[in-house]
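Chain residues, written in single-letter form:
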2 protein chains.
Amino acid sequence: MGDASGYEIKKLLEGPFSHIHEASFGAIYPALARLQEDGLVTCEERSQEKRPDKKVYALTQRGRFDLIQELTVIPGPDRIRSDFLVLMLYAHLLPPAHIANVIETRLGILTSLLAELENSDTSPVPAGEESSAEFVRGYGKAVLQAAQHYIEENRHLVEGAALVAGGARSETDEKKERPAGVAAE
Amino acid sequence: MGDASGYEIKKLLEGPFSHIHEASFGAIYPALARLQEDGLVTCEERSQEKRPDKKVYALTQRGRFDLIQELTVIPGPDRIRSDFLVLMLYAHLLPPAHIANVIETRLGILTSLLAELENSDTSPVPAGEESSAEFVRGYGKAVLQAAQHYIEENRHLVEGAALVAGGARSETDEKKERPAGVAAE
DNA sequence: GCAATCATGTAAAACGTTACATGATTCG
DNA sequence: CGAATCATGTAACGTTTTACATGATTGC
């Protein structure tokens, strides 16, 4: 999708592409070095003023060919690790105030990911790639919004869990507790 | 969520929990062995007729305590690797027939995952965990359905070239991959 | 002044998958 | 009769994170 440095790739994977894939610097930099060794990308060093130098990588013809080869494999199901959902599965074991806190944090995460997707609407995309990029962005929006709405409308299922079981509600949250949404009943 | 063997845990992560987390046998069996060594689970060997023996693991009190400790960490964003979305990002580089095939396969995967979630509605859940389990199942349904609907209504964005090329959309496409790859435009 | 952003990279350690080994039973 | 399901496990290999190292500039 155009030339980029390792740092820029990381930022993309944290922002508008966070619903697609993730990678750390320790994965990205060695990968770029390997690709360059194999002649699949070229590297152009750019000096910048008031900023560290950067290395901008670009696909070679062989690189593009190899990419296409990789892409012909029919993809299996997405691989997901949701610490959030694992936690929700055991919501009944935890203090309701903590669950409320987790839910608020999650809604904040979803809101900021959606905001980043909206922002990237206006960012330029190379010719011929507009509709592919639009499809992927739209997919992210649809899924993130579904998650957001579902959580908003069903949070009572996990925040109410211990209300039934216990008589007293303890304020013994050793973490920083910011309720903000426990009341509704 | 009750006692289980390694094999059963794997089946859960392939079926009703596939939208939460994944793990292979090579991760599960060593993990169970470690947990047992640390006294966090107990293991009961059960002989079965006409089936291999199985080892049924159960959380100990210390195991449950440790679990709760782990769960008090506020979860970050979900970690996702979607080969499907990566491919869609480069849809414009691939033959439209191949994209159509990939889309059909994906819709099939989503349908079967949803079916498994519906099935698990009727499976028994230990007392006190009903609403947590329901929340997580409902989340999965909401998100998978959103993906399904989005793909159905926006597949033209990535299959676009096929529309230009003319009507003949072959239903004879198998789930098998055709190594076409280089096929010209 | 302190934290964050920009920017690249290495090495140890942790993590996880894949492939293999074994073997009975059931389904088509 | 071959494939899938049930069932556990190991080892090699590959991948990935985490932590460290460095350093200028910008924002609060």
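Predicted, not measured: the structure shown is a model, and the values here were computed from it.

1. What to know about the interface of chain A and chain B
At step 1: Counting residues at the interface gives 65 residues for chain A and 65 residues for chain B.
At step 2: Note on chain A versus chain B: buried area summed over both sides is about 6700 Å², and carbon and sulfur give 70% of it.
At step 3: Across the contact surface, chain A and chain B share four salt bridges.
At step 4: Note that aspartate 78 of chain B is salt-bridged to arginine 106 of chain A, the shortest N-O span being 3.0 Å.
At step 5: For the side of chain A that touches chain B, the elements supplying multiple residues, two or more each, are α3 (61–71), β3 (79–81), α4 (83–89), α5 (96–119), α6 (130–154) and α7 (156–159) of chain A.
At step 6: The class makeup of the residues in the side of chain A that touches chain B is 38 nonpolar, 15 polar and twelve charged.
At step 7: Where β3 of chain A meets strand β3 (residues 79–81) of chain B, three bridges bridge the pair, whose relative direction is antiparallel. Following the sheet pairing, isoleucine 80 of chain A is matched in β3 of chain B by isoleucine 80 of chain B.

2. Structural notes on the confidence of the model for chain A
Detailed reading of predicted coordinates is not advised where the pLDDT is low.
At step 1: Of the residues in chain A, 86% reach a pLDDT of 70 or more, and the chain-wide mean stands at 86.
At step 2: Within the model, pLDDT remains below 50 along residues 166–185 of chain A, and this stretch shows 15 contacts once partners closer than five positions in the same chain are excluded.

3. Remarks on the protein's contact with DNA strand D
At step 1: Near DNA strand D, the surroundings consist of 19 residues, among which Ser24 of chain A together with Tyr7, Gln48, Lys55 and Arg81 of chain B are the closest.
At step 2: Close to the protein, within 4 Å, the atoms of DNA strand D are drawn from sugar and phosphate at a rate of 69%.
At step 3: Serine 24 of chain A has a polar side-chain atom sitting 2.6 Å from a phosphate oxygen of DNA strand D.
At step 4: Measuring from a phosphate oxygen of DNA strand D, one finds a side-chain N or O atom of lysine 55 of chain B at 2.2 Å.
At step 5: Elements with a minimum of two residues in the surface near DNA strand D: α2 (25–37) of chain A together with α1 (6–14), α2 (25–37) and β2 (54–59) of chain B.
At step 6: Among the elements that line the surface near DNA strand D, the one with the most residues is β2 of chain B, at three residues.
At step 7: The class makeup of the residues in the surface near DNA strand D is six nonpolar, six polar and seven charged.

4. Here we look at the pattern of salt bridges
At step 1: By the definition in use, this model includes 18 salt bridges over all chains.
At step 2: Between arginine 79 of chain B and aspartate 83 of chain A there is a salt bridge, with its nearest N and O atoms 2.9 Å apart. Taken together, the residues span two chains, with arginine 79 of chain B in strand β3 and aspartate 83 of chain A in helix α4.
At step 3: Judged by its relative accessible area of 36%, aspartate 83 of chain A falls in the partly exposed class.

5. Some details on the relation of the copies chain A and chain B
At step 1: The two copies are related by a screw operation: chain A maps onto chain B through 180° of rotation and 0.0 Å of translation along the axis, at an RMSD of 0.1 Å. The symmetry that links the two subunits is that of a two-fold axis. Minimal C-alpha distance to the rotation axis in chain A is attained by isoleucine 80 of chain A, lying at 2.4 Å.
At step 2: A shared interface surface links the copies, since 94% of the contact residues of chain A are contact residues in chain B too.

6. Topic: the protein's contact with DNA strand C
At step 1: In the vicinity of DNA strand C there are 18 residues, among which Tyr7, Gln48, Lys55 and Arg81 of chain A together with Ser24 of chain B approach most closely.
At step 2: Counting only the atoms of DNA strand C within 4 Å of the protein, the fraction contributed by sugar and phosphate is 71%.
At step 3: One of the side-chain nitrogen or oxygen atoms of glutamine 48 of chain A is found 2.6 Å away from a phosphate oxygen of DNA strand C.
At step 4: Contact between DNA strand C and arginine 81 of chain A: a phosphate oxygen at 2.6 Å from a side-chain N or O atom of the residue.
At step 5: When residues in the surface near DNA strand C are grouped by element, the largest group, three residues, is from strand β2 (residues 54–59) of chain A.

7. Some points on a nonpolar patch on the surface
All names here are of chain A.
At step 1: On the surface, Tyr7, Phe25 and Tyr29 cluster together to form a nonpolar patch covering roughly 300 Å² of accessible area.
At step 2: Within the secondary structure layout, tyrosine 29 lies in helix α2.
At step 3: A relative accessible area of 41% places tyrosine 29 in the partly exposed class.

8. Section: the nonpolar core
At step 1: Membership of the largest hydrophobic core comes to 69 residues, with the highest contact counts inside it found for Met88 and Phe135 of chain A together with Met88 and Phe135 of chain B.
At step 2: When sequence neighbours within four positions are dropped, the list of residues in contact with methionine 88 of chain B reads Ser132, Phe135 and Val136 of chain A together with Ile99, Val102, Ile103 and Val158 of chain B.

9. Quick word on the side chain of serine 120 of chain A
Residue and element names in this part refer to chain A.
At step 1: Take serine 120: it is sitting in the loop between α5 and α6.
At step 2: Reaching out from serine 120, the side chain makes a polar contact with the backbone oxygen of leucine 117 at a distance of 2.8 Å.
At step 3: Discounting chain neighbours no more than four positions away, the residues touching serine 120 are Pro16 and Arg137.

10. What to know about the environment of leucine 110 of chain B
All names here are of chain B.
At step 1: In this structure, leucine 110 sits in helix α5 (residues 96–119).
At step 2: As a C-alpha pair, leucine 110 and glycine 140 span 30 residues in sequence and 11 Å in three-dimensional space.
At step 3: Residues contacting leucine 110, with those up to four places away along its chain left out, are Leu144, Ala147, Gln148 and Ile151.

11. Describing the packing of aromatic side chains
Think of a pair of aromatic rings as described by two things: how far the centres are apart, and how the planes are tilted against each other in angle.
Residues and elements named next belong to chain A.
At step 1: Enumeration according to the criterion identifies ten aromatic pairs over all chains in this entry.
At step 2: Relative to phenylalanine 25, the ring of tyrosine 7 lies with its centre 5.9 Å away and its plane at 15°, an arrangement referred to as stacked. Pair noted here: tyrosine 7 is in helix α1 (residues 6–14) and phenylalanine 25 is in helix α2, with a separation of 18 residues, a long-range link.
At step 3: Each ring, one from phenylalanine 25 and one from tyrosine 29, has its centre 5.5 Å from the other, and the planes form 15°; the classification is stacked. A residue pair is termed a helical-turn pair when its members lie 3 or 4 positions apart in one helix, as phenylalanine 25 and tyrosine 29 do in helix α2 at four residues.
At step 4: The class of phenylalanine 25 is partly exposed, set by a relative accessible area of 31%.
At step 5: One Lys or Arg, lysine 10, reaches over the ring of phenylalanine 25 and ends 4.5 Å from the middle of that ring.

Reading the values: the criteria
Residues numbered from 1 in each chain as written. Chains lettered and ligands numbered in written order. Predicted model: local features only at pLDDT ≥ 70, side-chain atom pairs only at ≥ 80, totals over all residues. Heavy atoms only, no water. Contact = heavy atoms within 4.5 Å. Buried area = accessible area lost by both parts, 1.4 Å probe. Salt bridge = Lys/Arg side-chain N within 4 Å of Asp/Glu carboxyl O. Helix = DSSP H or I, 4+ residues; strand = E, 2+ residues; numbered from the N terminus. Nonpolar A, V, L, I, M, F, W, Y, C, P; charged D, E, K, R; others polar. Pairing = 2+ DSSP bridges. pLDDT = per-residue confidence, 0-100. Near = heavy atom within 4 Å. Polar contact = N/O pair within 3.5 Å; in protein donor to acceptor, adjacent residues only side chain to side chain. Buried < 20%, exposed > 50% of the residue type's maximum accessible area, 1.4 Å probe, protein only. Least-squares fit on C-alpha atoms with pLDDT ≥ 70 in both. Patch = residues over 30% accessible without salt bridge, like charges linked within 9 Å, V, L, I, M, F, W, Y side chains within 5 Å. Areas by Shrake-Rupley, 256 points an atom, 1.4 Å probe, with all protein chains shown as cover. Core = buried A, V, L, I, M, F, W, Y, C linked by side-chain atoms within 4.5 Å. Phe/Tyr/Trp six-rings, centres within 6.5 Å; stacked < 30°, edge-to-face > 60°. Lys NZ or Arg CZ within 6 Å of the ring centre and 35° of its normal.

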